[in-house]
Amino acid sequence: MNTILLVEDDEILNNNIKIALETEGYSVNAVRTASAAEAAAQQADLIILDVMLPDGNGIELCKRLRKNVQTPVIFLTSCDDEADIVRGLDSGGDDYITKPFRLRELFSRISANLRRVPDVPEMELTAVEQKLLNYLMLNREHYLTRDQILEYLWDSKGIFVNDNTLSVNISRLREKLSKSAGCGRIVTKRGMGYKWTDS
């Protein structure tokens, strides 16, 4: 079951969307502020994000989230100006729906964006290996530097990874992937970093 983080400050709309999404089979974490969204973003498979929030701007929030989170973001807003749409997408958003909207359109956009997120192979992984694999797969076919990976893996809640342990985790993850049939692989290129490839 995919978990959707719904960030909408209008209480009635928030509740109505939450009920509709749960009816479709999604697990929904519905919040109404930017601060609550930032705290919950790591646990979401997809984020529906309003632009105008009582404690901040959704576009600025998306920029902050993109430093650590590659989860698909769908902006949901009444701002339909082309410049606003461009700003939203440039901030790291994946999609943009303007109010009022049809629920079927929202469901379709959610499904399309979730399909872009690769399935993680079933295998025994540590917390660091899982987070590392997710990051590589979400950025498939793009090289990530060691500094980018280290910044993403750092976690104030207890996950600490330095340069040496990153090498160990990549090595162990490669070994586990090699034993899983049909998996992609991690490619290394000197001076550029690491990337996930499905081939």
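Residues numbered from 1 in each chain as written. Predicted model: local features only at pLDDT ≥ 70, side-chain atom pairs only at ≥ 80, totals over all residues. Heavy atoms only, no water.

Asker: Describe in detail unusual backbone geometry, supporting the description with residues and values.
Answerer: Across the junction of lysine 99 and proline 100, the peptide omega takes the value -5°, indicating a cis bond. The residue proline 100 is located in the loop between strand E7 (95–98) and helix H5 (103–115) in this model. (Helix = DSSP H or I, 4+ residues; strand = E, 2+ residues; numbered from the N terminus.)

Asker: Give a detailed account of the packing of aromatic side chains, specifying residues and quantitative values.
Answerer: Applying the stated criterion to the full structure yields two aromatic pairs. Measuring from ring centre to ring centre gives 3.9 Å for tyrosine 135 and tyrosine 152, while their planes differ by 10°; the resulting arrangement is stacked. Here tyrosine 152 lies in helix H7 (residues 146–153) and tyrosine 135 lies in helix H6 (residues 127–138), a separation of 17 residues in the sequence. Grouping residues by exposure puts tyrosine 135 and tyrosine 152 together as buried. Above the ring of tyrosine 152, the side-chain terminus of lysine 131 is found at 5.4 Å from the ring centroid. (Phe/Tyr/Trp six-rings, centres within 6.5 Å; stacked < 30°, edge-to-face > 60°. Buried < 20%, exposed > 50% of the residue type's maximum accessible area, 1.4 Å probe, protein only. Lys NZ or Arg CZ within 6 Å of the ring centre and 35° of its normal.)

Asker: Tell me about the pairing of strand E1 (residues 3–7), and name the residues and values.
Answerer: Along E1, four of the five residues are buried, which leaves the element largely enclosed by surrounding structure. Two strands pair when backbone bridges link them, and E1 and strand E2 (residues 27–31) are joined in this way by five bridges, in the parallel orientation. Bridge pairing links threonine 3 to serine 27 in E2. A crossover links E1 with its parallel partner E2, the connecting element being helix H1 (residues 11–23), and its sense is right-handed. Strand direction decides the pairing type here: E1 and strand E3 (residues 46–49), joined by four bridges, are parallel. Bridging from a neighbouring strand, leucine 6 pairs with isoleucine 48 of E3. (Pairing = 2+ DSSP bridges. Right-handed = clockwise from strand over helix to strand, strands pointing away.)

Asker: So what about the packing of H7 against helix H8 (residues 163–178)? Which residues, and what values?
Answerer: Taken N-terminus to C-terminus, the directions of H7 and H8 make an angle of 95°; their axes are 11 Å apart at the nearest point. In terms of their interaxial angle, H7 and H8 are classed as roughly perpendicular. From H7, Arg146, Ile149, Leu150 and Leu153 reach across to H8, where they touch Asp163, Leu166 and Ser167. Residue composition of the contact of H7 with H8, by class: four nonpolar, one polar and two charged. (Axes fitted to C-alpha atoms, helices over the stretch in contact; angles between N-to-C directions. Parallel < 35°, antiparallel > 145°, perpendicular 65-115°, else oblique. Contact = heavy atoms within 4.5 Å. Nonpolar A, V, L, I, M, F, W, Y, C, P; charged D, E, K, R; others polar.)

Asker: Describe the environment of proline 54, listing the residues and the values that go with them.
Answerer: Along the polypeptide, proline 54 turns up in the loop between strand E4 (52–53) and strand E5 (56–57). Between the alpha carbons of proline 54 and alanine 34 there is a distance of 7.7 Å; along the sequence they are 20 residues apart.

Asker: Describe the pattern of salt bridges, with residues and values.
Answerer: Note on pairing: side chains with opposite charge can pair once their charged atoms come close. Within this structure, the stated rule accounts for eleven salt bridges. Among the salt bridges present, the one from glutamate 38 reaches arginine 64, with a minimum N-O distance of 3.3 Å. One end of the pair, glutamate 38, is in helix H2 (residues 34–40); the other, arginine 64, is in helix H3 (residues 58–65), and 26 residues separate them in sequence. Put simply, lysine 99 and aspartate 50 hold a salt bridge, and the shortest N to O gap is 3.6 Å. Of this pair, lysine 99 sits in the loop between E7 and H5 while aspartate 50 sits in the loop between E3 and E4, placing them 49 residues apart in sequence. The partly exposed category is assigned to lysine 99, whose relative accessible area is 24%. (Salt bridge = Lys/Arg side-chain N within 4 Å of Asp/Glu carboxyl O.)

Asker: I'd like to hear about the packing of H1 against H5, residue by residue, with values.
Answerer: Look at H1 against H5: their axes get within 11 Å of each other, and the N-to-C directions meet at 60°. Here H5 runs oblique to H1, going by the angle between their axes. In the crossing of H1 with H5, the sense of the turn from one axis to the other is right-handed. Across the interface between the two elements, Ile17, Ala20 and Leu21 from H1 touch Leu103, Leu106, Phe107 and Ile110 from H5. Looking at the contact of H1 with H5 residue by residue, the class counts come to seven nonpolar, no polar and no charged. (Left-handed = near helix turned anticlockwise from the far one by under 90°.)

Asker: Describe the sheet that holds E7, listing the residues and the values that go with them.
Answerer: Strand order in the open sheet formed by five strands is E2-E1-E3-E6-E7, with parallel pairing between adjacent strands. The strands lining the two open edges of the sheet, one partner per strand, are E2 and E7. For this sheet, the mean angle separating the axes of adjacent strands, direction not counted, is 20°. When E3 meets strand E6 (residues 73–77), the two strands line up parallel, connected through three bridges. Across the sheet, the residue bridging to leucine 49 is phenylalanine 75, located in E6.

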